[in-house]
Amino acid sequence: MNIRFSNLIGLGAHSFWIGALFLFAETFSPSAWAAPSARDGDGTAAVSPASTTGGSAGNGFAFSFRNGTRGNFNAGSQFTLRIPAGWTAPQGTNSSLPGYVGVVSTTGTASAAFSSVTGSGPWIATVNFTASRGVENGFDLEYAGGGNKVVAPATTGIYAFVAQTRQNGGTLTAIASSPSITVYKGNQTLSFPSIDGQWTTNRLGLDVTASSGLAVGLAVVSGPGSLVGTNLTFTGAGTVSIVATQPGDANWNPAPAATQTISVVKAVAGVSLESMIQTYDGTAREVSAATVPSGLAVNFTYGGSSTPPVAAGSYAVAAAINDGMFQGSASGILVVAKAPAAVALSGLAQTYDGAPKVATATTDPAGLGVEIAYDGSTTAPAAAGSYAVVAAISDPNHVGSATGTLVVAKAPAVVSLSGLAQTYDGAPKTATATTDPAGLGVEITYDGSPAAPTAVGSYAVVAAISDPNHVGSAAGTLVVAKAPATVSLSGLAQTYDGAPKTATATTEPTGLGVEITYDGSSTAPTAAGSYAVVAAISDPNHVGSATGTLVVAKRIAGVVLAGLTQTYDGAPKVATATTDPA
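Everything numeric here is computed off the predicted structure, so don't read it as measured data. (Residues numbered from 1 in each chain as written. Predicted model: local features only at pLDDT ≥ 70, side-chain atom pairs only at ≥ 80, totals over all residues. Heavy atoms only, no water.)

Quick word on the sheet that holds strand β19 (residues 217-222)
Part 1 of the argument: The mixed open sheet is built from 4 strands, whose spatial order is β16-β23-β22-β19. Every other strand in the sheet has two partners, leaving β16 (198-199) and β19 as the edge strands with one partner each.
Part 2 of the argument: Sheet topology note: the strand β22 (residues 238-246)/strand β23 (residues 255-265) ladder contains 8 bridges and is antiparallel. Note that in β23 the partner of A244 across the bridge is A258. (Pairing = 2+ DSSP bridges. Helix = DSSP H or I, 4+ residues; strand = E, 2+ residues; numbered from the N terminus.)

Shown next as structure tokens:
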């Protein structure tokens, strides 16, 4: 520490400095000192990436701000970023839309919040923030969004994105080194759609565009074509090649050349074939043709040959105009009809025996070749069934056919039934069928149902052969008899008490229904006496009964006599008797 002393007594008007070193006993505490504040314009800003191409879409830029070492940015401090005109308009409300500006992260002790976007090109994006001094403290800001994100200007150059800061209460001041983005020349492409084949008489307007919007040049490289502006005409048939070019300008690189090749063919004239149906007569059969325009020369071929046919048949005719300016063709079938002939079929009803069954065909005139088909096949059928027969004459100069139905009847077979008498046991009861010839399939029904019966009863059985080549059936009755069951009677000795007296019946198998009669009546007796008991099983699938005698004994009653001592008076003397029960 330096201390200045002046006007000291005895030293006149002189003054001098005395250096002194003071040692303080108390320990110095840095926290007792307030950190200084940052100044307006402090900090650094950068952008990544720092370049793009003119007119490009889908760009996304990351701007970063970091504080310096001078001091703190306190609450109320602001950062602004100036976005030049020509870029996508920034907005801070919807991150899914293009041009979104927002704080994506902070570093160190910094805090930051997007505030607003003002202006209409250029625009000012404002961020409220705080940051302690130190280069590690700051925040990151995105300029991107959704969709096309950020579209760069078409004009090349270096675009300054001026960044400003201000301390709370200060004035926005540009940061010493603001970020910039360089826009280089854009790459452009040509859209030159392919062109379909053209007639020599066509006039074609070419549609060629550059992605830059710049004018495109066209030229005929080769072939019979002529260009006036974008209008193309043809001087003859052949292949025309057109090249499109765009050399670029201050903002766009030259576009790769685009070439389209056009196939040019002669104009089409109409051709109509005539005399296409004729009849065989042993001479050459020639056709003719009319053209539009009329009078054009036409070349004909018949099945590929220039010689007209003589024999009956069908011939593919091709007619082609032979002219330097026009083309045209027609095709058709020249039919030289065969002479008619008759066909008669016989042997259409036969019976299956395992051998092929052949129909017979005769012709008039006689001796012509005939091809016979059975349901479309030339192989004669062996199996039983009905077959559509077509007999067609196979002769170079005659035609005719006949149709009919060949019926190969099924061969008869014998069916024998057995096992028609069976006894109920709870299982399905099936009849047995055998065939002659042996081994044929048989379908058996019971009262019209394919399900074998289980219950007691009589069932009409029909066994029908199920075979593609045999037929036959047999009928019978399947009788399923009731199964025997035993009945045991008990309770046959009872004493009269005024109530009905019933016998008890049990069955084997147990639980079967039983109907009991007493002297032929189903009503149990009440009076004393002997009653013939019959217990018969009442069950759809079992039969059995038992008999016995139910004896209802009289009940013993008491008798008391009185009036046994009397005196003669000439009248009859009668004793008195009382009973219990009374």
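Regarding the sheet that holds strand β14 (residues 180-184)
The pairing of strands in a sheet happens through backbone hydrogen bonds and is either parallel or antiparallel.
Part 1 of the argument: What the 3 strands build is an open sheet, ordered β4-β14-β11; its pairing is mixed. Each having just a single partner strand, β4 (51-53) and β11 (157-160) make up the two edges of the open sheet. Strand-to-strand twist of the sheet, defined as the mean angle between neighbouring strand axes without regard to direction, takes the value 25 degrees. (Axes fitted to C-alpha atoms, helices over the stretch in contact; angles between N-to-C directions.)

Concerning the environment of V183
Part 1 of the argument: Relative to the assigned elements, V183 resides in strand β14.
Part 2 of the argument: Assessed through its relative accessible area of 2%, V183 is described here as buried.
Part 3 of the argument: As for V183 and D436, which are separated by 253 residues in sequence, their C-alpha atoms are 101 Å apart.
Part 4 of the argument: Contacts of V183, omitting those with residues within four sequence positions, involve T52, T53, G54, W87, P153, T155, T156, G157 and Y159. (Buried < 20%, exposed > 50% of the residue type's maximum accessible area, 1.4 Å probe, protein only. Contact = heavy atoms within 4.5 Å.)

Examining the pairing of strand β53 (residues 529-537)
Part 1 of the argument: By the bridge criterion, 5 bridges tie strand β52 (residues 514-518) to β53 in an arrangement that is antiparallel. From the neighbouring strand, E515 faces β53, where its bridge partner is A536.
Part 2 of the argument: Alignment of β53 against strand β55 (residues 545-553), held across 8 bridges, turns out to be antiparallel. Counterpart to V534 in the pairing with β55 is T547.

Examining the nonpolar core
The nonpolar side chains of a soluble globular protein tend to be buried with one another.
Part 1 of the argument: Ranked by size, the top nonpolar core spans 29 residues in total, and within it F61, F63, F79, W87, Y143 and F161 carry the most contacts.
Part 2 of the argument: Residue assignment for this core shows that the elements contributing at least two residues are β3 (44-48), β5 (61-66), β6 (73-83), β9 (123-131), β10 (138-145) and β14.
Part 3 of the argument: A total of 5 residues in this core trace back to one element, the largest contributor, which is β9.
Part 4 of the argument: Beyond its immediate stretch of four places on either side in the chain, W87 contacts T52, F61, W123, Y143, V150, V151, A152, P153, Y159, F161, I181 and V183.
Part 5 of the argument: The next biggest cluster of nonpolar side chains, apart from the first, holds 16 residues, and it includes L190, I195, V208 and V264. (Core = buried A, V, L, I, M, F, W, Y, C linked by side-chain atoms within 4.5 Å.)

Considering the environment of G119
Part 1 of the argument: With respect to the helices and strands, the residue G119 is situated in strand β8 (residues 111-119).
Part 2 of the argument: Along the backbone, G119 and R82 are 37 residues apart, and their C-alpha atoms lie at a distance of 9.6 Å.

Some points on the packing of aromatic side chains
Part 1 of the argument: Counted by the stated rule, this structure contains 12 aromatic pairs.
Part 2 of the argument: Their ring planes at 40 degrees and their centres at 5.4 Å tell us that F63 and F161 sit as a pair that is tilted. On the criterion of sequence distance, the pair formed by F63 in strand β5 and F161 in the loop between β11 and β12 (163-166) is long-range, its members being 98 residues apart. Considered together, F63 and F161 belong to a single accessibility category, that of buried residues.
Part 3 of the argument: Both rings, one in F79 and one in F139, keep their centres 5.4 Å apart while their planes meet at 85 degrees; by these two values the pair is edge-to-face. Of this pair, F79 sits in strand β6 while F139 sits in strand β10, and the two are 60 residues apart along the sequence. Exposure class is identical for F79 and F139. Each is buried.
Part 4 of the argument: In textbook terms, an aromatic cluster arises when at least three aromatic residues are bridged by ring pairs, as seen for F61, F63, W87, Y143, Y159 and F161. (Phe/Tyr/Trp six-rings, centres within 6.5 Å; stacked < 30°, edge-to-face > 60°.)

Some words on the pattern of salt bridges
Part 1 of the argument: Scanning all chains against the criterion turns up 7 salt bridges.
Part 2 of the argument: Here R70 makes a salt bridge to D42, at a shortest N to O gap of 2.8 Å. Here R70 is found in the loop between β5 and β6, whereas its partner D42 is found in the loop between β2 (15-19) and β3, with 28 residues between them in sequence.
Part 3 of the argument: A relative accessible area of 40% places R70 in the partly exposed class.
Part 4 of the argument: The class of D42 is buried, set by a relative accessible area of 10%.
Part 5 of the argument: We note a salt bridge from K429 to D425, for which the minimum N-O separation is 2.6 Å.
Part 6 of the argument: Residue class for K429 comes out buried when judged on its relative accessible area of 7%. (Salt bridge = Lys/Arg side-chain N within 4 Å of Asp/Glu carboxyl O.)

Fair warning: the whole summary comes from geometry, so function is off the table for now.
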